[in-house]
Amino acid sequence: MIFQDHALSQLLAKLQTVIPAEAQAHLVGGVVRDALLGRPNPDVDLALPVRAGEIARQVAHALQAHIFCLDDTHDTWRVIYTPEGETPLHLDFAVYRGGTLEDDLRARDFTINALAVPLHEPSRLIDPLQGLSDIQEKRLRTCSPTSIPADVVRILRAMRLAFTLEFHIEKETLRQMRASIHLLNSVSPERVRDELIKTLLAPSPHSALRALDRLGAVDELFPELTALKGLSQTPAHELDAWEHTLVTISQLNEVLHALAPIYDENRVSNWHMGIISLRLGRYRAPLDQHLERRLDPHRPARALLFLAALYHDSGKASSMTIDPEGKHHFIGHEKISADLMHQRASIYNMSRQEIEHLKRIVRHHMRALYLGEQERTPDRRSVYRFYKACQSSGVEVGLLSLADLLARQVSSLPQKRWNQQVEAVRTLWEAWWEKRNEVITPRLLLRGEEVMQTFELAPGPMVGQLLEYLREAQASGIVETRVQAVAYLTNRLKNLPKSLNQG
């Protein structure tokens, strides 16, 4: 076997000099599978009969890399190595799960992962379960009849792999998955969360979610979303709330492809995406960097955006009212949706920063849509207030507004309305990436001490309120000098209750 990836082939050459042949180290699992598929893989798993920790420490020392223990009981270790100018590589070292290498491979999840290559004989493939044949036939098959019941998180992994690799799931494997759905909530929420995040980063997250729903997994993983199925919406919507949610995720995926760092004309297949590419294409690079940022070391913001899209209308079932004319209304659904998002993210033990970010996207997902409904481009005051509420999550709110609008009127969205929405998002992004110090976070012309001295005020809420008035006035462009600032605050002070001026 020839490992085509340059960084990986160089790494293996180094490992061959550090790890002695008598250690019987074998490359196993995904790194072998992806090498056969011609796909890059930054994770390298090595299985050894004994002394995994000792070998891992030798490798870490030789590569000057970081090392930590993943599972002391099973002697499992991780080395994180970052070649110069390359992305980090994860090297996991573990002793066999079973007495022999073949026992280890047979205990794995799917046959396409039950492959091994001796580190010192890279041309020899060990394939006890015909995984290579399954790769050639694009078939996902479990290693044994107990593979799924033994670890039901493999249900999610199967969907992720199927839609990432474009494989079909074999019938017996599907049967195992259906029979074990009810066990999903018995698994640690962290393991479920990690597989879900990977699923949301798959090439077609909406397709994977739809397939999981057909299995009944959505009812187990996101029970609060079940009420959206069959829920009728306002006339502007062409789909029920659940179908709208899935189409929103699909359209979000298309929007992100249209704004990928490298322009691909094949992904700009209709006029909606063409207008996005034309009007928003200048932000490809900063947008990609923004979505790759990590509020948690293990999860990029891109995945969180899809999770927020999944929950953006989750509160509609409990907020629905019907007026005397039979029209449906969902007043306040954004707040209920944000609360449901908070609850689910907390159950899955996401970080505080992630939860607050998710809540902001969901809570304010209508704000950019409201701006797009206006005939005129959002003014500076509107932009300032938008980011005051949304903070950095405002970039994602803009993206979600585009997908949400497309999913509302799948076949009948007027071109004028679409142009207005794209222009609103362009204005918001221009402020964020090009005019932030001018429109979003202007440097105040007066400090708090100067406000207190000028207006003979004691420290307290009134000073803070006046500074906020001044910040918005500067962001709006109506105050540009210190003289104007004093005059503006003089007028605002007349309308503030004197009770605020109490230290």
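Structure's up top.
For the structure given in this document, a descriptive report is provided here. From a predicted model like this one, the values you see are computed outputs, not experimental measurements.

The rules we used
Residues numbered from 1 in each chain as written. Predicted model: local features only at pLDDT ≥ 70, side-chain atom pairs only at ≥ 80, totals over all residues. Heavy atoms only, no water. 1 Å grid on protein atoms, 1.4 Å probe; cavity = no way out; pocket = protein on both sides within 12 Å on 5 of 7 lines; lining within 4 Å. Points joined across faces, edges and corners; volume = space filled by probe spheres on them. Helix = DSSP H or I, 4+ residues; strand = E, 2+ residues; numbered from the N terminus. Nonpolar A, V, L, I, M, F, W, Y, C, P; charged D, E, K, R; others polar. Axes fitted to C-alpha atoms, helices over the stretch in contact; angles between N-to-C directions. Parallel < 35°, antiparallel > 145°, perpendicular 65-115°, else oblique. Contact = heavy atoms within 4.5 Å. Core = buried A, V, L, I, M, F, W, Y, C linked by side-chain atoms within 4.5 Å. Buried < 20%, exposed > 50% of the residue type's maximum accessible area, 1.4 Å probe, protein only.

Applying the stated criterion across every chain yields a total of one cavity of 30 Å³ or more. In this structure, the largest cavity encloses a volume near 100 Å³. Together, R193, L196, I197, L200, L209, F222, L307, R344, Y348 and M350 line the largest cavity. In terms of residue count, the dominant contributor to the lining of the largest cavity is helix α9 (residues 189-200) (four residues). Along the lines of polarity and charge, the residues of the lining of the largest cavity split into eight nonpolar, no polar and two charged.

Remark: helix α20 (residues 380-390) packs on helix α21 (residues 394-408), axes separated minimally by 9 Å, with the N-to-C direction vectors making an angle of 105°. Put simply, α20 runs roughly perpendicular to α21. Contacts between α20 and α21 pair F386, Y387 and C390 from the former with G394, V395 and V397 from the latter. Tallied by class, the residues present in the contact of α20 with α21 amount to five nonpolar, one polar and no charged.

By size, the foremost hydrophobic cluster in this structure holds 132 residues, and its most contacted members are L91, F93, I276, L399 and W429. Here the element with the most residues in this core is helix α15 (residues 301-311); it accounts for nine residues. With sequence-adjacent residues up to four places away left out, F93 is seen in contact with I19, L46, L48, A52, I55, A56, V59, D75, T76, W77 and V79. In this structure, L446, A473, Y488 and L496 belong to the second largest nonpolar core, which totals 15 residues.

Turning our attention to the layout of surface pockets. The probe, sized like a water molecule, is rolled over the atoms to show the empty space still left. Reported here for the second largest pocket is a volume of approximately 280 Å³. Taken together, 19 residues make up the lining of the second largest pocket; nearest its centre are T234, H333, M366, Y370 and R408. Elements with a minimum of two residues in the lining of the second largest pocket: β12 (328-329), α17 (333-347), α19 (367-373) and α21. For the lining of the second largest pocket, the residue count by class is five nonpolar, eight polar and six charged.

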